[in-house]
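# Overview (structure and organization)
Take a look at the letters that make up each chain.
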Amino acid sequence: MITAELLLQVPLFAAVPQGERAEIAGRTADLHLRQGEWLLQEGEAAAFFALIEGQVEVLKRIGDQEQHLTTYQPGEYFGEVPLLLGAPALASLRAETPARVLRLEPEDFRELVASCPVLSEEMVRTMTRRVQHLQRLTVEAPSTLVTVVGGRWDLACHDVRDFLSRNHVAFRWADPDADAEAPALLPGEAYPLVIAPGGARISAPSFRALAEHVGLQTAPRAGTADDPYDVAIVGGGPAGLAAAVYGASEGLCTVLVDRLALGGQAGTSSRIENYLGFPSGLSGAELSSRAWQQARRFGAEMVVARDVTGLGVDNGVRWLELDGGQRVHTRAIVLSCGVVWRRLSAPGVDGLVGRGVYYGAARTEAQGTRGQRVFLVGGGNSAGQAALLFSGYADQVTLLVRGPSLAASMSQYLIDQLAARDNVRVETGCEVVEVEGDGHLQAIVVVTRATGARERREADALFAFIGADAETAWLPPALVRDELGYVCTGRDVMDLLAVRQAEWPLARDPYLLETSIPGVFAAGDVRHGSIKRVASGVGEGSMSIAFVHQYLAQAG
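Structure report, in brief. Just so it is clear, the model here is predicted, and its values are computed rather than measured. (Residues numbered from 1 in each chain as written. Predicted model: local features only at pLDDT ≥ 70, side-chain atom pairs only at ≥ 80, totals over all residues. Heavy atoms only, no water.)

Moving on: the overall build of the chain. When its secondary structure is counted, the chain shows 13 helices and 29 strands. Against the 2.2 N^0.38 benchmark of 24 Å for 556 residues, the chain shows a C-alpha radius of gyration of 27 Å, consistent with a compact globule. Considering the chain as a whole, with its 556 residues, one finds that 51% of them fall into the buried category. Considering only intrachain contacts with a sequence separation of at least 6, the fraction spanning at least 24 residues in the chain is 64%. Accessible surface for the chain amounts to roughly 25100 Å². Of this, 51% is attributable to carbon and sulfur atoms. With 49 positive and 66 negative side-chain charges, the chain shows a separation of 1 Å between the mean positions of the two kinds. (Helix = DSSP H or I, 4+ residues; strand = E, 2+ residues; numbered from the N terminus. Rg over C-alpha atoms; globule rule 2.2 N^0.38 Å. Buried < 20%, exposed > 50% of the residue type's maximum accessible area, 1.4 Å probe, protein only. Contact = heavy atoms within 4.5 Å. Areas by Shrake-Rupley, 256 points an atom, 1.4 Å probe, with all protein chains shown as cover. Lys, Arg positive; Asp, Glu negative; His and termini not counted. Charge placed at Lys NZ, Arg CZ, Asp CG, Glu CD.)

The following block contains the structure:
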């Protein structure tokens, strides 16, 4: 228990009268930390701390590196900067040795500062010194930017930039057609060229080679038949990330595999404003980055740029086959592989994908739309969020919607925001029937459904959000799916097995999120009957781990 006498060990409180010290002590929590235990993570809600015993190190992520800033000694206080700025924690705190820390909640801290001018002045001086130190570190930190060299209309270059962006790898793009100072190719090289911060070069890389080039994990570290993972997760959208966080935090040996990048379709959303607990909203990239860091902190392995091509069971142990033939053995599996954007069927589209025609938000193209004419096809939330994003760059943004209005498919807050943007137009009852371009998009043909009238319009970019489909052909026939390829779970499994005159192999019924193969679960958009929302995906991902625990307990 923290006492008024114990507070005398913190010089900050030495001049505080006995009665006030006793009141402060009565409001503090007494925390005992093991060596290596986290006191606070960067980005979490802040609090005020003072160190009684031991040492606490301060770590901050600058670029893609976690840097050690300082080590606090007994008697020092910290945490006042984010509280005074009204911000989340600016750095992470971890016990370097066994430590004892007092914690004062934000409300009590603010009351303390307001009632004691001496402490208030001391806090402001300390905050100024620490903010200046952080600014200096940020400015002096060596550049960790990857350089990408390639043309704007080079599809492979677009894919490289999109891959790096979605994996939160900072990069600088140099277009050799527009930038005289763009690095030149060496003999044997080809565009796109990727140059790592240390100078290592790789040309025309595959996603896997690119991931390895920039230091991302591309291969599981375990998962043999004799030593399988407890749970393997396929797909890194909200459901998969939630499963990774809950699985690893609850002691399961966890690996997540994604073919491209973590975040899924939600990771490309420019702004999610109706996600619980974030009143000012957050981007999909921010959400996925935070979840990735959280899962990594709990010990989950996060593997990217690998396709899962098969699933099976041998001697009671489940396995996933990755591209290249590598098998990963696991006691349970969570399928959270999401969906893929439905393709436009208009003539001319396929030859211009990545050259002015894009599926999804393609955030890497946002700045390239400055002053241009941008069209978006679709009436859902993803289309609305993208329209708001591009309206900050493009001269004119036009949302083309097949239906009679947005009300049936888009959240009202997005409809209201779109209506308030002067450079955004919404056209209903129409669709794109043709695209034109020589090497890149130049025009689209729009038909009004009610009259059949066709109109050719000059266009610089076209982004399609016309729905999505499950891509589950790689799954074995024994894993039951509906007619559209979505994975069936729970009661739906029993109903479809009865129709197909097949049997469920166990005495119990499938768990709520369990598929027709015991120990294989499905969560998120890929699941039949799921609600296509970020929050529901996160909920299903976390629920799936509860069922994994039940399955593993029964399987022994």
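Attention now moves to the pattern of salt bridges. Tallied over the entire structure, the rule returns 31 salt bridges. Ionic pairing is found between Arg327 and Glu321, a salt bridge with its closest N-O pair at 3.4 Å. By sharing partners, the salt bridges in this structure join Glu23, Arg27, Asp108 and Glu111 into a single network. (Salt bridge = Lys/Arg side-chain N within 4 Å of Asp/Glu carboxyl O.)

Within the secondary structure, Arg457 sits in strand β26 (residues 454-458). Among the polar contacts listed, one links the side chain of Arg457 to the side chain of Glu455, at a separation of 3.4 Å. (Polar contact = N/O pair within 3.5 Å; in protein donor to acceptor, adjacent residues only side chain to side chain.)

In this structure, the amide linkage connecting Tyr191 to the following residue, Pro192, adopts the cis form with an omega of -5 degrees. For Ala204, which is not glycine, the phi dihedral falls at a positive 45 degrees. Note on placement: Ala204 falls in the loop between β12 (201-203) and α7 (207-213). Residue classification places Ala204 among the partly exposed residues on the basis of a relative accessible area of 46%. If you check the backbone angles, Gln501 has positive phi at about 55 degrees while not being a glycine. Structurally, the position occupied by Gln501 is in the loop between α12 (491-499) and β29 (520-522).

With that out of the way, let us pick up the packing of aromatic side chains. The full count for this structure, using the stated rule, is 11 aromatic pairs. Note on Phe48 and Phe109: the rings are 5.1 Å apart at their centroids and 25 degrees apart in plane angle, and the pair reads as stacked. Of this pair, Phe48 sits in strand β3 (residues 48-53) while Phe109 is found in helix α4 (residues 106-115), placing the two residues 61 residues apart along the sequence. Classification of Phe109 as buried rests on a relative accessible area of 1%. Ring centres 5.1 Å apart and planes at 25 degrees place the aromatic pair Tyr358 and Phe463 in the stacked group. Here the residue Tyr358 occupies a position in strand β20 (residues 357-359), and Phe463 occupies one in strand β27 (residues 461-464), the gap between them amounting to 105 residues. No difference in accessibility class separates Tyr358 from Phe463, as the two residues are buried. (Phe/Tyr/Trp six-rings, centres within 6.5 Å; stacked < 30°, edge-to-face > 60°.)

What follows concerns the sheet that holds β27. With parallel pairing, 5 strands are arranged side by side in an open sheet as β20-β27-β21-β22-β23. At either end of the open sheet lies a strand with only one pairing partner, and these are β20 and β23 (424-428). Adjacent strand axes in the sheet meet at a mean angle of 20 degrees, parallel and antiparallel pairs treated alike. The sheet contact formed by strand β22 (residues 396-401) and β23 spans 5 bridges and is parallel. Bridge pairing in β23 links Val397 to Val424. The sheet contacts of helix α10 (residues 381-391) involve β21 (373-377), β22, β23 and β27, and relative to β21 the element is tilted by about 170 degrees. (Pairing = 2+ DSSP bridges. Axes fitted to C-alpha atoms, helices over the stretch in contact; angles between N-to-C directions.)

Turning next to the environment of Leu186. Within the element layout of this structure, Leu186 appears in the loop between β10 (171-174) and β11 (193-195). Between the C-alpha atom of Leu186 and that of Ser203, which follows or precedes it by 17 residues, the distance is 9.8 Å.

The side-chain alternation of strand β9 (residues 146-149) yields two buried faces, one formed by Val146 and Val148 and the other by Thr147 and Val149. You can see the chain leave β9, run along helix α6 (residues 155-166) and come back into β10, and the turn it takes is right-handed. Direction of pairing for β9 relative to β11: antiparallel, over a ladder of 3 bridges. Residue pairing for β11: Val149 is matched across the bridge by Leu193. (Right-handed = clockwise from strand over helix to strand, strands pointing away.)

Let's shift gears to the sheet that holds β3. Taken together, 4 strands build an open sheet; the order of strands is β1-β8-β3-β6 and the sheet is antiparallel. The two strands at the open ends of the sheet, each matched to only one other strand, are β1 (29-33) and β6 (77-78). Of the pairings in the sheet, the one linking β1 to strand β8 (residues 99-104) comprises 5 bridges and is antiparallel in character. The residue of β8 that forms the bridge with Leu31 is Val101.

This part takes up the nonpolar core. Ranked by size, the top nonpolar core spans 44 residues in total, and within it Leu376, Phe390, Ile444 and Leu462 carry the most contacts. Among the secondary structure elements, those contributing two or more residues to this core are β20, β21, α10, β22, α11 (412-420), β24 (430-437), β25 (441-448) and β27. Element by element, the count of residues in this core is highest for α10, at 6 residues. Every residue in contact with Leu462, bar those within four places of it in the chain, is listed here: Leu344, Gly356, Val357, Tyr358, Phe375, Val377, Val432, Val435, Leu441 and Ile444. Membership of the second largest hydrophobic core comes to 41 residues, among which are Val148, Cys157, Val160 and Met302. (Core = buried A, V, L, I, M, F, W, Y, C linked by side-chain atoms within 4.5 Å.)

Interhelical geometry of helix α8 (residues 238-249) versus helix α9 (residues 284-297) gives an angle of 25 degrees and a closest axis separation of 9 Å. Here α8 is positioned roughly parallel relative to α9, judged by the angle of their axes. In this structure, α8 crosses over α9, and the sense of that crossing is left-handed. For the pair α8 and α9, contact is made by Leu241, Ala244, Val245 and Ala248 and by Ser288, Ala291, Trp292, Gln294 and Ala295, respectively. Class assignment of the residues belonging to the contact of α8 with α9 gives a composition of 7 nonpolar, 2 polar and no charged. (Parallel < 35°, antiparallel > 145°, perpendicular 65-115°, else oblique. Left-handed = near helix turned anticlockwise from the far one by under 90°. Nonpolar A, V, L, I, M, F, W, Y, C, P; charged D, E, K, R; others polar.)

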